[in-house]
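For reference, the chains in residue letters:
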Amino acid sequence: MIPIDNYIWLSTVLFSIGVLGVLYRRNAIIIFACIELMLNAVNLLMVSFSNTLNDSRGQVFVFFIMAVAAAEVAVGLAILVMMYRKTKSVDIDILNRLKG
Amino acid sequence: MNALYVICGIGIFALLAEIFSLKKWISYVALLGLAAAAALIIADWRSISYYFHGMMYFDRVALAFSGLILVVSFFWYWMSSDFFKGDEHVADKSSLTFFVVAGAIMMVAFNNMAILFLGIEILSISLYVLAGSNKQNLFSTEASFKYFLMGSFATGFLLFGIALVYGATGSFNITVISNNTTPVLSSAAIGTQGIPRFYFIGMLLMMVGLAFKISAVPFHQWAPDVYDGAPTPISSFMLTVVKIAAFSAFIKIFAVCFYRYQPTLQMLEQGLMVLTLVVANVAAVAQTSVKRMLAFSGVSQVGYLLLAFSSDGAKSAGVVFYYLAAYSAATLLAFTVIKIVESATGDSSVDKFRGLFKSNPLVAVAMAIALFSLAGIPPLAGFFGKYLVFTLALSNGFLVLTVLAVITSLVGVYYYFKPLIAMTQGEGKILLVSVSDRYLLLILIAINLLMGIFPDIVRVI
């Protein structure tokens, strides 16, 4: 059996890739994907803890995260489309209008 | 608890009203429902209990904060009736507002990480839509997009923290987590002694996630932009209701759930507090738009709340409650005036407030009282809020931090006086103030004065 430590490291690495992606990429769709990667790293961690602890609550929580993430992406993509119609771009550098 | 049912019920009613063409009834039902829900909170005052198998817990603190949220939402709904009226999307906007309030009550009364997460998401997803509800305006779209990106990013941190804490304690329940001192799983790298290290990493990640939500510096970059870009009524909603909910969730997590580690967390909270007070107050000085200035002032108020919270943990709930009540009353009053000025002149820069004392005495007096209260000048509510925060910090021996907070609040006086000085000078054009707004202004002025002169009426916890 694979020890729990390896799962913790794997999900930490996935989460960090997601965080770095959000911070460094400029394309809004890639940023969405990176946020999804962060949430899925959490899901992996929850499921592996749940399995190791012999406790089903972690897996139930994962279902909540999945449902909420789907709702969030639905709203987010709608906002992105609204944005694209006005600016004809999905680059987040155009978001600097409000600064100052 | 019954209040939460009522709020969800009205949210669903507002959605159905679209189908059954009952649109013109929505605003009456909404106001009535908010008042009824606040009354139900008072009725529940003596029955402190757990709900849904210990998933939610309404104690005095949770009841008081939900009551505050409902009362503030009542006045907010009254204030923003123009925002809802005469719009084809009145049903959608109203129902989203009520889902925000439902999420806020869940964030106040959770006793399980799942409810905290669901509460935050119900509140946030509705707000992403509301922030972008002015579809013609690019700023509004931009605000909603920025809020969405930062909000879901913060949720990721919060969830990773929850997952790590779950791994260390084997539970999502606040009570179980706070009483846990023995590790529930062991392996070669984690060790078999004591709490595993990733528990503390989880605690820190949760602090980062919640610091985003309460907009404490350095996690505040989204806040001024979103408050400035969103439609004015929605900004005031985010500055009052959402701030109350986020801060009470912050208190519950770090003073109830992780109370064992309060001495360590205290230093982090004080670090956040110093940064928040200095950065937000200095940045607010440079603003020319009153709305954006109040956005920065909203960020800076988090610093004072953190000062109270970091000095005395769970015992600070009463002080934080009073401070938030005073701050919300003043912010609602200020935003009522901004809404009136904005609807007449198009924007809310300081110049638009020129000569208001001569042309519209009532509006100008209301703005003056709101700004005096935010600046903390006696006998208004804001003064007493700051006084309570400072005495709490001093009685716990934080002299240097209190002196810093007093200095930054003096900086605050400078920028709050800018619109005030503009109002006394020059000639302004006469603004149209509707009868409903006039009554609202009078009532909010009375509330601000009463809370300052008789502070005991809101010091319930």
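Residues numbered from 1 in each chain as written. Chains lettered and ligands numbered in written order. Predicted model: local features only at pLDDT ≥ 70, side-chain atom pairs only at ≥ 80, totals over all residues.

A. Main features of the overall build of chain B. Helix and strand counts for chain B stand at 19 helices and two strands. Taken over the C-alpha trace, chain B has a radius of gyration of 22 Å; the compact-globule value for 461 residues is 23 Å, and the two agree within 12%. Considering only C-alpha atoms, chain B reaches an extent of 75 × 60 × 45 Å along its principal axes. Counting every position in chain B, which comprises 461 residues, the buried fraction comes to 61%. Expressed as a percentage of contacts within chain B between residues at least 6 apart in sequence, the contacts between residues at least 24 apart total 78%. (Helix = DSSP H or I, 4+ residues; strand = E, 2+ residues; numbered from the N terminus. Rg over C-alpha atoms; globule rule 2.2 N^0.38 Å. Buried ≥ 20, exposed ≤ 12 C-beta atoms within 10 Å, placed from the backbone. Contact = placed C-beta atoms within 7 Å.)

B. Expanded view of the overall build of chain A. Check the secondary structure of chain A and you find three helices and zero strands. Each helix (α) and strand (β) of chain A, taken in turn from the N terminus, gives the series α-α-α. Its C-alpha radius of gyration of 17 Å places chain A more than 25% over the 13 Å reference for a compact globule of 100 residues. Summarising its shape, the C-alpha atoms of chain A cover approximately 50 × 25 × 25 Å along the three principal directions. In chain A, which comprises 100 residues, the share counted as buried stands at 32%. For chain A, long-range pairs separated by at least 24 residues make up 45% of all intrachain contacts whose partners lie at least 6 apart in sequence.

C. Molecular detail of unusual backbone geometry. Of note, the bond from Val217 of chain B into Pro218 of chain B is cis; its omega dihedral lies within 30 degrees of zero at 5°. Within the secondary structure layout, Pro218 of chain B lies in the loop between helix H9 (197–214) and helix H10 (222–229). Unlike most non-glycine residues, Lys88 of chain A shows phi in positive territory, near 55°. Examined against the element boundaries, Lys88 of chain A turns out to sit in the segment after helix H3 (57–87). Lys88 of chain A gets classed as exposed once you count the C-beta atoms within 10 Å, which come to 8. One non-glycine residue, Ser21 of chain B, lies in the positive phi region at around 45°. Counting through the fold element by element, Ser21 of chain B comes out in the loop between helix H1 (2–19) and helix H2 (26–43).

D. Representation of the interface of chain B and chain A in the model. Every contact between the two is made by 39 residues of chain B and, on the other side, 36 residues of chain A. Sorting the residues of the side of chain B that touches chain A by element identifies helix H6 (113–131), helix H7 (138–169) and H10 of chain B as the ones contributing at least two each. Here the side of chain B that touches chain A gets 18 residues from one element, more than from any other, and that element is H7 of chain B. Among the residues forming the side of chain B that touches chain A, the class breakdown is 24 nonpolar, nine polar and six charged. (Nonpolar A, V, L, I, M, F, W, Y, C, P; charged D, E, K, R; others polar.)

E. Local environment of the domain arrangement of chain B. All names here are of chain B. On domain assignment, one finds that chain B holds domain 1 (1–142 + 218–257) and domain 2 (260–461). Taken together, the 31 residues of domain 1 in the interface contact 32 residues of domain 2. When residues of the side of domain 1 that touches domain 2 are traced back to their parent elements, those giving at least two are helix H3 (60–79), helix H4 (81–84), H10 and helix H11 (232–257). For the side of domain 1 that touches domain 2, the leading source of residues is H11, giving 13 residues. (Domains from an automatic or database assignment.)

F. A look at H9 of chain B. All names here are of chain B. Compared with the 26 Å implied by 1.5 Å per residue over 18 residues, the 26 Å span of H9 between its first and last C-alpha is a close match. Most of H9 is tucked away, with 13 of its 18 residues classed as buried. Backbone geometry just after H9 places Ser215 at a positive phi near 55°. (Expected span 1.5 Å × (residues − 1).)

G. Highlighting H10 of chain B. Residues and elements named next belong to chain B. Among the eight residues in H10, seven count as buried, and that is most of the element. For H10, the full list of buried residues reads Ala223, Pro224, Asp225, Val226, Tyr227, Asp228 and Gly229. Close packing links the buried residues of H10 with H6, H7, H11 and helix H13 (290–312).

H. Looking closely at the environment of Ser311 of chain B. Residues and elements named next belong to chain B. In this structure, Ser311 sits in helix H13. You can call Ser311 buried: it has 25 C-beta atoms within 10 Å. Placed 83 residues apart in sequence, Ser311 and Leu394 show a C-alpha to C-alpha distance of 8.7 Å. If near-sequence neighbours (up to four positions away) are discounted, Ser311 is found in contact with Ser316, Leu392, Ala393, Asn396 and Phe398.

I. Structural view of the packing of H6 of chain B against H11 of chain B. Residues and elements named next belong to chain B. Here H6 crosses H11 at 170°, and the two axes come no closer than 12 Å. Taken together, the axis directions place H6 and H11 in an arrangement best described as roughly antiparallel. Across the interface between the two elements, Leu116, Leu123, Leu127, Leu130 and Ala131 of H6 pack against Ile234, Met238, Val242, Ala245 and Ala249 of H11. Looking at the contact of H6 with H11 residue by residue, the classes come out as ten nonpolar, no polar and no charged. (Axes fitted to C-alpha atoms, helices over the stretch in contact; angles between N-to-C directions. Parallel < 35°, antiparallel > 145°, perpendicular 65-115°, else oblique.)

J. Representation of the confidence of the model for chain B. Confidence in the prediction of chain B, expressed as mean pLDDT, is 90, and 98% of residues score 70 or more. Across chain B, the element-wise mean pLDDT spans from 82 in H4 of chain B up to 95 in H6 of chain B. (pLDDT = per-residue confidence, 0-100.)

K. Representation of the packing of helix H16 (residues 361–375) of chain B against helix H19 (residues 435–453) of chain B. Residues and elements named next belong to chain B. Two elements in contact, H16 and H19, have axes separated by 10 Å at closest approach and are oriented at 30°. Judged on the interaxial angle alone, H19 and H16 are roughly parallel. The two elements H16 and H19 cross, and the hand of that crossing is left-handed. Touching Leu362, Ala366, Ile369 and Ser373 of H16 are Arg438, Leu441, Ile445 and Asn448, all from H19. (Left-handed = near helix turned anticlockwise from the far one by under 90°.)

L. How the structure looks around the nonpolar core. Residues and elements named next belong to chain B. Formed by 214 residues in total, the largest nonpolar core has its most connected members in Ile69 and Tyr323. Take this core: its biggest share by element is 20 residues, from helix H14 (residues 317–345). Taken domain by domain, the makeup of this core includes at least three residues from each of domain 1 (1–142 + 218–257) and domain 2 (260–461). The residues contacting Ile69, other than those within four sequence positions of it, are Val101, Ala104, Ile105, Val108, Val241, Ile244 and Ala245. (Core = buried A, V, L, I, M, F, W, Y, C linked by C-beta atoms within 7 Å.)

M. Main features of the environment of Ala330 of chain B. Residue and element names in this part refer to chain B. Mapped onto the fold, Ala330 is located in helix H14. The exposure class of Ala330 is buried, given the 30 C-beta atoms found within 10 Å. Separated by 50 residues in sequence, Ala330 and Leu380 have C-alpha atoms that sit 9.3 Å apart. Discounting residues that sit within four places of it in the chain, Ala330 has contacts with Ala370, Ser373, Leu374, Ala381, Gly382 and Asn448.

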